Amino acid sequence: MHSKRLVDESFLVLEPLYSEEKVAYLNNKFDNIFSKQDSARRYVDALDMYELGLMDDIFTPKLMSLIYNVIPNPVLYHCHSYEIDGLNSSPHIAKDNFLNGWHRDIDCLHNLNDNAIQHVSLFIYLTDVGNEDGAFEVCNKKFGYFPGLFQSSNFYRITGKKGHSFLFNRTAVHRASPNRNEIQRRVLKISFQSKDTIMPACDPSIKSHEKRINMLKVQQLVPKKSVLLRSLLGDKNIGDAEIKQALEEKINGESIQVLNTNAKYKIECKMNVLQEFRGYAKDLVFIKNLIIYKIFSRKTRRSL
Ligand SMILES: [Fe+2]
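Remember, it's a predicted structure, so these values are computed and weren't measured experimentally.

Bringing the confidence of the model for the chain into the picture now. Scored by pLDDT, the chain comes out at a mean of 88, with 94% of its residues at no less than 70. The secondary-structure element of the chain with the lowest mean pLDDT is helix 9 (residues 273-303), recorded at 80, while helix 3 (residues 46-51) shows the highest, at 97. Here residues 300-304 is modelled with pLDDT under 50, and outside its nearest four sequence neighbours on either side it reaches zero contacts, counting other chains as well.

As structure tokens, this is what we get:
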């Protein structure tokens, strides 16, 4: 499904996956959980969603069809909603990285020999997101053994109304632009990767791993008949034949329209020579770490 565009341009805009009514319904359910948190970045995680009775509302046949089309052997990596404060003059993540927040997600353990899509995030905006509202921005700076340069790459700012839906290739350089307006920006984020891609182990002592640990709890709670969802949540007892049958029964005939609108989101973003150097150096460090991780994990597997 348009995989080459997702690799080349780093994102794909989709038809809105939820109606306005669905977005309002989700926001209404999430409000109470968000309102109890006072950090600058607040979350509703998969366990919250399960306890709110929202799994079927979120994982519609259309959304399932999308996930299993993009990556045929998928497992979830993120499943949460989050909102960020307004009245900010800088990005809410990696703002001090001397690249104005532009970064690659280093928790993704990509296979550098494989140019196919390995790890994708689906974003659905739950608030209207204009130019000043913390819009997601992405750059298609090439990744691989020989990374590209900012100056030969395109930059995009993805704005859209509530329900606006898009995929983002998680190997790409990206950032959230500053949310300068008063309104909190809220999104639903569902990341998924191939079961063959190495996933960093969950560590309960790391705060940011709590959401993945809660996803595993949901896996235990989801009814047995929800084969596709349980498999997505990492249930290893579900075989390919069972998944194939469930796909035929549950999502046969569902298709998602990919919009041919990427060009309209293009923005100018000039990086100076120092930033270009920094970006390249960061890529080289990232690549070195991936190679070391790969060698180490191969040795570990051999010794098991
Ligand atoms: Fe990121």
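Attention now moves to the sheet that holds strand 5 (residues 136-139). Within a sheet, neighbouring strands are paired by backbone hydrogen bonds and run either parallel or antiparallel to one another. The strand order across the open sheet built from four strands is 8-5-6-11, with neighbouring strands paired in antiparallel fashion. Looking at which strands have only one partner, the edges of the open sheet turn out to be strand 8 (173-176) and strand 11 (266-267). Here strand 5 pairs with strand 6 (residues 155-158) via four bridges, running antiparallel. Across the sheet, residue C139 finds its bridge partner in strand 6, namely F155.

Next up on the list: the packing of helix 5 (residues 61-70) against helix 8 (residues 240-251). Taken N-terminus to C-terminus, the directions of helix 5 and helix 8 make an angle of 140°; their axes are 10 Å apart at the nearest point. In terms of orientation, helix 5 and helix 8 fall into the oblique class. Read as a crossing pair, helix 5 and helix 8 show a hand that is left-handed. Counting all contacts with helix 5, which are made through P61, M64, S65 and Y68, the residues of helix 8 involved are L247, K250 and I251. Partitioned by chemical class, the residues of the contact of helix 5 with helix 8 number five nonpolar, one polar and one charged.

With respect to the secondary-structure elements, G163 resides in the loop between strand 6 and strand 7 (165-169). G163 sits 41 residues away from P204 along the chain, and the two C-alpha atoms are 33 Å apart.

Rules used in this analysis
- Residues numbered from 1 in each chain as written.
- Predicted model: local features only at pLDDT ≥ 70, side-chain atom pairs only at ≥ 80, totals over all residues.
- pLDDT = per-residue confidence, 0-100.
- Helix = DSSP H or I, 4+ residues; strand = E, 2+ residues; numbered from the N terminus.
- Contact = placed C-beta atoms within 7 Å.
- Pairing = 2+ DSSP bridges.
- Axes fitted to C-alpha atoms, helices over the stretch in contact; angles between N-to-C directions.
- Parallel < 35°, antiparallel > 145°, perpendicular 65-115°, else oblique.
- Left-handed = near helix turned anticlockwise from the far one by under 90°.
- Nonpolar A, V, L, I, M, F, W, Y, C, P; charged D, E, K, R; others polar.

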